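These are the residues of each chain, in order.
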Amino acid sequence: MTSEKTTSILVIYTGGTIGMVQSPKTGALAPLTFKNLYRYLPMLENFHCKIDFYTLKPLLDSSNMTPVFWIKLAEVIGEKYESYDGFVVLHGSDTMAYTASALSFMLENLNKPVIFTGSQLPIGMVRTDGRENFINAIEIASAMTDETPIVPEVAICFENKLYRGNRTTKINAEHFGAFLSGNYPLLAEVGVYIRYHQEAIQKPNFRKIKVHRELDDNIAILQLFPGINPQVVSGTLDIPGLKAVILETFGAGNAPTTPWFIHHLKEAIHRGIVILNVTQCKGGTVDMDKYETGVELEKIGVIGGYDITTESAVTKMMYLLGSGYRGKELEKLLQTNLRGEITV
Ligand code: ASP
């Protein structure tokens, strides 16, 4: 029996483990073609929605991901936006949180689901987690109430959980549950039913989508550790052309108060380098007023990043710099919740 397919989903395949199958001859892993995808997921034929596929070449292990590729991905979604009800992006899990964060900023006024998924085991393996992740992602991308998508935002679907994309971090290299959203609740949980947590999901604004294509990669991450020496700090802050630094601090945004350290940061800020304070902790927020070791940073003009993830901070910074924001305006936007990435 065939039923009418009322929704349509575009699956964009970018690479990663999920798309790998084992060659019966050599045993080596090779990328899947969408022709043989149906061999591994025959149930897709009976899905209630129409599914089209798009391969974004070259297929990448996501460790090779770059802003250039993010722009290509955003452009494909922009071009196909009116033709589909939702999008599923198959992506390696290693940098999925970065790509999902980047896309959340690049796709302004997104009113349709863009659901990222991948897997820890190739789809061609018997115990793969890819099958379940893929099917759940399609189900979620096509879910509607009153002709409005239930999840009109960039999200990551992994191991029966749906996370806001720009709130996630990959925290495990071998568990099927590879992601964490330490500062934001799940958008949905998948069991016998898919339970959507409506109060946590972005509301559509019904405005026209705007695809931002400019990203500025003149940024660096400086992660603090006890014993960090002046050469490491100045080596980072003195990079030619550097515009911004994501400073990964301790706890609630704390850093050493030792004079050489404060001096280097202060001098960089005077040269116009933006320093955004994010915590190394997987949960909690930066609050520079809490301890003496944070107050020092605030005094010299370090910007508090609230509870943003490093992935989101990196991509938000690239997006804002790429869009031409500088000075006070940039500072204000870094501390503004643009796409659900921070709690202020
Ligand atoms: N190295 C792979 C990638 O990120 C791992 C995965 O697919 O999950 O592309």
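This text follows the structure it describes.
The shown structure was predicted, so the numbers you read here are calculated from the model rather than taken from an experiment.

Enquirer: Tell me about the site of the ligand, and name the residues and values.
Expert: Taken together, the neighbourhood of the ligand is formed by Gly-16, Thr-17, Asp-61, Ser-62, Gly-92, Ser-93, Asp-94 and Ser-119. In the model, a nitrogen atom of the ligand is placed 3.0 Å from a nitrogen or oxygen of the Asp-61 side chain. Between the ligand and Ser-119, the relevant distance is 3.2 Å, taken from an oxygen atom to a main-chain nitrogen or oxygen of the residue. For the ligand, whose unbound accessible area comes to 260 Å², protein coverage reaches 89%. Across the shell around the ligand, the residue classes tally to no nonpolar, six polar and two charged.

Enquirer: Explain the layout of surface pockets residue by residue, including any values.
Expert: Considered as a void within the structure, the largest pocket measures approximately 460 Å³ in volume. Along the wall of the largest pocket there are 27 residues; nearest its centre are Glu-108, Asn-109, Gln-202, Leu-338 and Arg-339. Of all the secondary-structure elements, those providing two or more residues to the lining of the largest pocket are strand S6 (107-108) and helix H8 (310-322). Residue classes in the lining of the largest pocket are distributed as ten nonpolar, eleven polar and six charged. Approximately 250 Å³ is the volume attributed to the second largest pocket. Residue lining of the second largest pocket: 15 residues in total, with Gly-272, Ile-273, Val-274, Gly-327 and Leu-330 positioned closest to the centre. Counting residues per element, the lining of the second largest pocket draws most heavily on helix H9 (residues 327-334), at four residues. Considering only residue class, the lining of the second largest pocket consists of eight nonpolar, three polar and four charged.

Enquirer: Would you mind going over the environment of Glu-153 in detail, with residue names and values included?
Expert: Looking at where Glu-153 falls in the secondary structure, it is placed in the loop between strand S9 (148-149) and strand S10 (154-158). Between the alpha carbons of Glu-153 and Gln-202 there is a distance of 6.5 Å; along the sequence they are 49 residues apart. Excluding residues within four positions of it along the chain, Glu-153 makes contact with Leu-110, Lys-112, Pro-113, Val-114, Ile-115, Arg-164, Leu-187, Ala-200, Ile-201 and Gln-202.

Enquirer: Quick rundown of the sheet that holds strand S18 (residues 244-249)? Include the residues and the values.
Expert: One open sheet accounts for four strands, arranged S17-S18-S19-S20; its pairing is parallel. Each having just a single partner strand, strand S17 (219-223) and strand S20 (303-304) make up the two edges of the open sheet. Of the strand pairs in this sheet, S17 and S18 are connected by five bridges, and their pairing is parallel. Within the sheet, the bridge partner assigned to Leu-222 lies in S18 and is Leu-247. Helix H5 (residues 230-237) rests against S17, S18 and strand S19 (274-279) of the sheet, and its axis sits at about 165° to S17.

Enquirer: Could you give me a rundown of the nonpolar core, with the residues and numbers involved?
Expert: Residues Ile-77, Leu-103, Leu-107, Val-114, Phe-116 and Met-317 are the most contacted members of the largest nonpolar core, which totals 56 residues. Dropping the residues within four chain positions of it, Val-114 is found in contact with Ile-77, Phe-87, Val-89, Leu-107, Glu-153, Val-154 and Ala-155. Counting 36 residues, the second largest nonpolar core, distinct from the first, contains Ile-9, Leu-90, Ala-141 and Val-151.

Enquirer: If you had to explain the sheet that holds strand S4 (residues 49-55) to someone new, which residues and values would you point to?
Expert: Strand order in the open sheet formed by eight strands is S4-S1-S5-S7-S10-S11-S14-S15, with mixed pairing between adjacent strands. The outermost strands of the open sheet, each flanked by one partner alone, are S4 and strand S15 (194-196). The sheet shows a mean angle of 20° between the axes of neighbouring strands, direction not considered. In the sheet, strand S11 (residues 161-164) pairs with strand S14 (residues 188-190) via two bridges, with the strands oriented antiparallel. Paired with Leu-162 across the bridge in S14 is Ala-188.

Calculation criteria
Residues numbered from 1 in each chain as written. Predicted model: local features only at pLDDT ≥ 70, side-chain atom pairs only at ≥ 80, totals over all residues. Heavy atoms only, no water. Near = heavy atom within 4 Å. Polar contact = N/O pair within 3.5 Å; in protein donor to acceptor, adjacent residues only side chain to side chain. Areas by Shrake-Rupley, 256 points an atom, 1.4 Å probe, with all protein chains shown as cover. Nonpolar A, V, L, I, M, F, W, Y, C, P; charged D, E, K, R; others polar. 1 Å grid on protein atoms, 1.4 Å probe; cavity = no way out; pocket = protein on both sides within 12 Å on 5 of 7 lines; lining within 4 Å. Points joined across faces, edges and corners; volume = space filled by probe spheres on them. Helix = DSSP H or I, 4+ residues; strand = E, 2+ residues; numbered from the N terminus. Contact = heavy atoms within 4.5 Å. Pairing = 2+ DSSP bridges. Axes fitted to C-alpha atoms, helices over the stretch in contact; angles between N-to-C directions. Core = buried A, V, L, I, M, F, W, Y, C linked by side-chain atoms within 4.5 Å. Buried < 20%, exposed > 50% of the residue type's maximum accessible area, 1.4 Å probe, protein only.

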